[in-house]
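Secondary and tertiary structure notes
Residue strings, one per chain:
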Amino acid sequence: MAQKKAAFTPLEVPPISLKSPLARLFLTGFSLVELFIIVMFLGILAVITVPRLNLDIISKQKADTIARKIITDLRRTRSLAISDAANNSKGYELKLVGSVPYSAYEIENIDTRETVGSFTTGDVTIDCSGGHKFRFGPLGELKSGSTTEMSVSAGGNPPRRITITVIPATGMIKCVEN
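Just so you know, these numbers come straight off a predicted model, no measurement behind them.

Our next topic: the overall build of the protein chain. The secondary structure content of the protein chain amounts to three helices and eight strands. Taken from N to C terminus, the helices and strands of the protein chain fall in the order α-α-α-β-β-β-β-β-β-β-β. In the protein chain, which comprises 178 residues, the share counted as buried stands at 29%. In the protein chain, 46% of the contacts between residues at least 6 apart in sequence involve partners at least 24 apart. By element, 62% of the accessible surface of the protein chain is carried by carbon and sulfur atoms, the whole surface being about 12000 Å².

Here it is in structure tokens:
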């Protein structure tokens, strides 16, 4: 019995018939007009869909991030006051800078007036009632005359509002989303 020889060997490419529409597409490509029409169609789809994206979620996430940063920096300020108690009897403070609503704050050594750190919140706003300074004494307590509460808020409808409270006797920080 004689074996039948295949129409082509594995190393050879089978012949392509130009009569097939698929073969002609791969050999000829797209015209500039066809590409332009596709790009225009995608542009129109983008113009329609982008405004419908829920960008409020992003601004609400910014409020959460800034609130966590403020909480961390309040704890840092308290920690600095406790750790430097032997050299600094006045303590450290986190003070909001600018005007109401605040968009920046600094951590400052009360004794030397040296700025330890600063931060800008961007489009997230901070509101404080009764002052703009959180002063921590050498034992970690909130000093008298200090502010005890602030609110962090960012866009959206309704806007996300996070309230940060410092317990005066202990310096403990509490965070509640409203």
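On to the packing of aromatic side chains. Under the defined criterion, the tally for this structure stands at one aromatic pair. Taking NZ or CZ as reference, lysine 69 lies 5.2 Å from the ring centre of phenylalanine 119, over its face.

The next subject is the pattern of salt bridges. Tallying each qualifying case throughout the model produces nine salt bridges. Here aspartate 64 makes a salt bridge to arginine 160, at a shortest N to O gap of 2.6 Å. Pair noted here: aspartate 64 is in helix H3 (residues 56-83) and arginine 160 is in strand S7 (residues 160-166), with a separation of 96 residues, a long-range link. Residue classification places aspartate 64 among the buried positions, given a relative accessible area of 15%. Put simply, Glu93, Lys95, Glu108, Arg113 and Arg135 are held in one network by salt bridges that share partners.

We now examine H3. Taking 1.5 Å per residue as the helical rise, H3 with its 28 residues ought to reach 40 Å, and the 40 Å between its terminal C-alpha atoms agrees with that figure. Every buried residue of H3 is listed here: Ser59, Lys60, Ala63, Asp64, Ile66, Ala67, Ile70, Ile71, Asp73, Leu74, Thr77 and Ala81.

Turning our attention to the sheet that holds strand S4 (residues 125-128). With antiparallel pairing, four strands are arranged side by side in an open sheet as S4-S6-S7-S8. Edge positions in the sheet fall to S4 and strand S8 (173-177), since each has one partner strand and no second. Along the sheet, successive strands turn relative to each other by an average axial angle of 20°, direction set aside. When S7 meets S8, the two strands line up antiparallel, connected through five bridges. Each bridged residue has a counterpart across the sheet, and for threonine 165 the counterpart in S8 is lysine 174.

Going from valine 100 to proline 101, the amide bond is cis rather than trans, its omega being -10°. Structurally, proline 101 can be placed in the loop between strand S1 (92-97) and strand S2 (104-109). Phi angles above zero are rare outside glycine, and arginine 113 is one such case at about 60°. Note on placement: arginine 113 falls in the loop between S2 and strand S3 (115-120). With relative accessibility at 44%, the residue arginine 113 sits in the partly exposed group.

Let us look at the confidence of the model for the protein chain. In the predicted model, the protein chain carries a mean pLDDT of 84, and 81% of its residues have values of at least 70. The spread of mean pLDDT over the elements of the protein chain runs between helix H1 (residues 21-28), the lowest at 64, and S2, the highest at 95.

Here is what the cut-offs are and how they apply
- Residues numbered from 1 in each chain as written.
- Predicted model: local features only at pLDDT ≥ 70, side-chain atom pairs only at ≥ 80, totals over all residues.
- Heavy atoms only, no water.
- Helix = DSSP H or I, 4+ residues; strand = E, 2+ residues; numbered from the N terminus.
- Buried < 20%, exposed > 50% of the residue type's maximum accessible area, 1.4 Å probe, protein only.
- Contact = heavy atoms within 4.5 Å.
- Areas by Shrake-Rupley, 256 points an atom, 1.4 Å probe, with all protein chains shown as cover.
- Phe/Tyr/Trp six-rings, centres within 6.5 Å; stacked < 30°, edge-to-face > 60°.
- Lys NZ or Arg CZ within 6 Å of the ring centre and 35° of its normal.
- Salt bridge = Lys/Arg side-chain N within 4 Å of Asp/Glu carboxyl O.
- Expected span 1.5 Å × (residues − 1).
- Pairing = 2+ DSSP bridges.
- Axes fitted to C-alpha atoms, helices over the stretch in contact; angles between N-to-C directions.
- pLDDT = per-residue confidence, 0-100.

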